[in-house]
Amino acid sequence: MKLIKNLMFNRVHNIEFSNKPTTWRSSFFWLLDQFKGSKIRKHYDAIKRINKNHECDYAKQQRTTYLNQILLHAVKTVPYYKFLGITATSLQHFPVVNKNLIKKNSKSFLSKSYVNKKTFNASTSGSTGTPFTVVHDENKKRRHKADVHFFWETVGHTWGQGFYYFRIWNKQNRKSKFIQKIQNISPIEVFKLNDSKIKEFLNRIIFGNAPKSILSYASALDGIVKYLKRHPTDLSNAKVISIIAMSESLDNPTKNYLEVHFGCPVVSRYANTENGMLAQQTPFLENNFLLNLASYHIEILDTNADIPLEDGKTGRIVVTDFFNRAMPLIRYDTGDLGAMKKTEVNGNIHYVLSTVEGRKMDAIFNTKGEPISPFTLTNNMWKYNRLNQYQFIQKGKNNYEFILNVQTSFTREKELINEFKGYLGSNANLAVTYVDEIPLLSSGKRKKVLNLTEK
């Protein structure tokens, strides 16, 4: 296992910041961009330089400039901030905002200077199915494309190489056959991802000659691993460059299994629709998420007050987007929890998220009201190998429930309850309910941890 990780480290770290095109699609993309004034290339070069060393002089100067420019733009052109009478002297003068506040005052957050300019709606249903739309301008869209290019390359994948994309595909996001061909995407529907569909997918990548990557919900990767454990398959010739998990937490056992059997980097991506690429794990940072400080200012604030936390402390992830001028998101509370720290690799300083613990609403608490990381749950469930699916729900201060979908029978219920009472408290009321299937959310994700306690 250690040898495999070292090989991946050497292979990916050497090309981490390379921009040499290796596909005709990549060459054509950059040639077309050059014809249009190299607008995306300029973004890409800046992203690469800043994220290579977050504390180099160039990075600090550029980030300060980006921040000052977006703050000044917001107070001059956005009604919400003009009404509050804010002056752009310091980020701390701006209030922390969230999805609900923006939805209630959506027009007040739109920049007056972009009313008659071309913009794009970035819409998400959210994990609870509540729609939320943020308006992006053309330059923000270009920055996002450059961000995506950069983070793909940190795992050895050059834009234009093929990738299998596991997600919910609907009328809003379905790509035409022409676009699939141009972008070299193979869409895979995650609804009803059963054994036969997983087998078909594995056959496609085993017998396909071209290198490819996988971008997927973590829950779909869990399903693939469970299938491979039941049906061992030789994947040594699959030519998979990298595997990226998105939208959900990737369990360490799943990550380790995929790394061993595919022999490639397996990382998690932290992004959202309203902002874009916020952070991603890279092989040279192991399980830490490299923060995209080239495009965002990121704060970790206390869960109950707008107070910055020390490095290593878990709190709310609050984002200021440097590049969305059509609808500036200043100190936007993502609803996620994480812990930030500083690390050094080969003389370069990186700010990373050491943990991303999912939505604040899905944090769980023991019977004393103390927060418990969801990873305490997910990383200890793999020993219960007779489970097809599980879901853990906190229903009250002392009330919890496991929803279990089992293969045939489950004889370890008492062991499961006793183990998790050790994490939650001896006075925890822990019920177990058996079902035939745990349904996906409308987003196509299947949440493993839910907190239904009224705040």
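Quick look at the structure, then. Each chain has its residues counted from 1, running along the sequence as written. For this predicted model, a pLDDT threshold of at least 70 governs which residues receive local features, and a threshold of 80 or more governs which side-chain atom pairs are given and counted, while totals over whole chains, interfaces and linings are taken from all residues. Excluded from the side-chain calculation are hydrogens and water; included are all heavy atoms of the structure.

## Things to note about the pattern of salt bridges
Two side chains that carry opposite charge are able to pair once their charged atoms sit near each other.
Here comes step 1: Salt bridge criterion: a side-chain nitrogen from Lys or Arg within 4 Å of a carboxyl oxygen from Asp or Glu. By the definition in use, this model includes 13 salt bridges.
Here comes step 2: The partner of R316 in a salt bridge is D333, and the shortest N-O contact between them spans 3.0 Å. Taken as a pair, R316 in strand β11 (residues 314-321) and D333 in strand β12 (residues 332-345) lie far apart in primary sequence, 17 residues in all.
Here comes step 3: On the basis of relative accessible area, D333 is assigned to the buried category, the value being 8%.
Here comes step 4: Taken together, the salt bridges that share partners define one network made up of D222, D251 and K448. Helix and strand definitions follow DSSP, with helices as H or I runs of at least four residues and strands as E runs of at least two, each counted in order from the N terminus. In this scheme, a residue with accessible area under 20% of its type's maximum is buried, one over 50% is exposed, and one in between is partly exposed, where area comes from a 1.4 Å probe on protein chains only.

## So, the nonpolar core
Here comes step 1: Joining through side-chain atoms within 4.5 Å is the link that ties buried Ala, Val, Leu, Ile, Met, Phe, Trp, Tyr and Cys residues into a set, and such a set is a nonpolar core. Within the largest apolar cluster, 87 residues are counted, with the highest numbers of intra-cluster contacts made by Y81, F166, L202, I205, I243 and F262.
Here comes step 2: Throughout, a contact is declared for two residues whenever any of their heavy atoms are within 4.5 Å. Residue contacts for F262: discarding those within four places in its chain leaves L202, I205, L228, L235, V240 and I243.
Here comes step 3: With 21 residues, the next largest nonpolar core counts Y384, Y390, F402 and I417 among its residues.

## Things to note about unusual backbone geometry
Here comes step 1: In this structure, N184 takes a positive phi of about 60° despite not being glycine.
Here comes step 2: Here N184 shows up in the loop between α8 (177-183) and β4 (185-189).
Here comes step 3: Even without a glycine there, the phi angle at N346 is positive, about 55°.
Here comes step 4: With respect to the element layout, N346 can be found in the loop between β12 and β13 (348-359).

## A short note on a nonpolar patch on the surface
Here comes step 1: Residues qualify for a patch when their relative accessible area is over 30% and they have no salt bridge, like charges being joined within 9 Å and the nonpolar side chains of Val, Leu, Ile, Met, Phe, Trp and Tyr within 5 Å. Every accessible area reported is derived by Shrake-Rupley at a probe size of 1.4 Å, with residue values counting cover from the shown protein chains alone. On the surface, a nonpolar cluster with roughly 730 Å² of combined accessible area is contributed by W24, F28, L32, F35, F178 and I182.
Here comes step 2: Those elements that provide at least two residues to the nonpolar patch are α2 (24-35) and α8.
Here comes step 3: Here the nonpolar patch takes four residues from α2, the largest share from any one element.
Here comes step 4: Here L32 lies in helix α2.
Here comes step 5: Given a relative accessible area of 36%, L32 falls into the partly exposed group.

## A few points about the environment of F201
Here comes step 1: Structurally, the position occupied by F201 is in helix α9 (residues 195-207).
Here comes step 2: By relative accessible area, F201 is classed as buried at 3%.
Here comes step 3: Sequence separation of F201 and I188 is 13 residues, and the distance between their C-alpha atoms is 8.5 Å.
Here comes step 4: Other than its neighbours up to four places away in sequence, F201 contacts Y164, F166, I214 and I224.

## Remarks on a positive patch on the surface
Here comes step 1: Charge assignment in this entry is limited to Lys and Arg as positive and Asp and Glu as negative, and neither His nor the chain termini are counted. Where a charge lies is defined by one atom per residue type, namely NZ (Lys), CZ (Arg), CG (Asp) and CD (Glu). A cluster of like positive charges, contributed by K36, K39, K42, K118, K141 and K145, occupies part of the molecular surface.
Here comes step 2: The set of elements that each furnish at least two residues to the positive patch consists of α3 (39-52) and α7 (138-153).
Here comes step 3: Looking at the element boundaries, K42 is found in helix α3.

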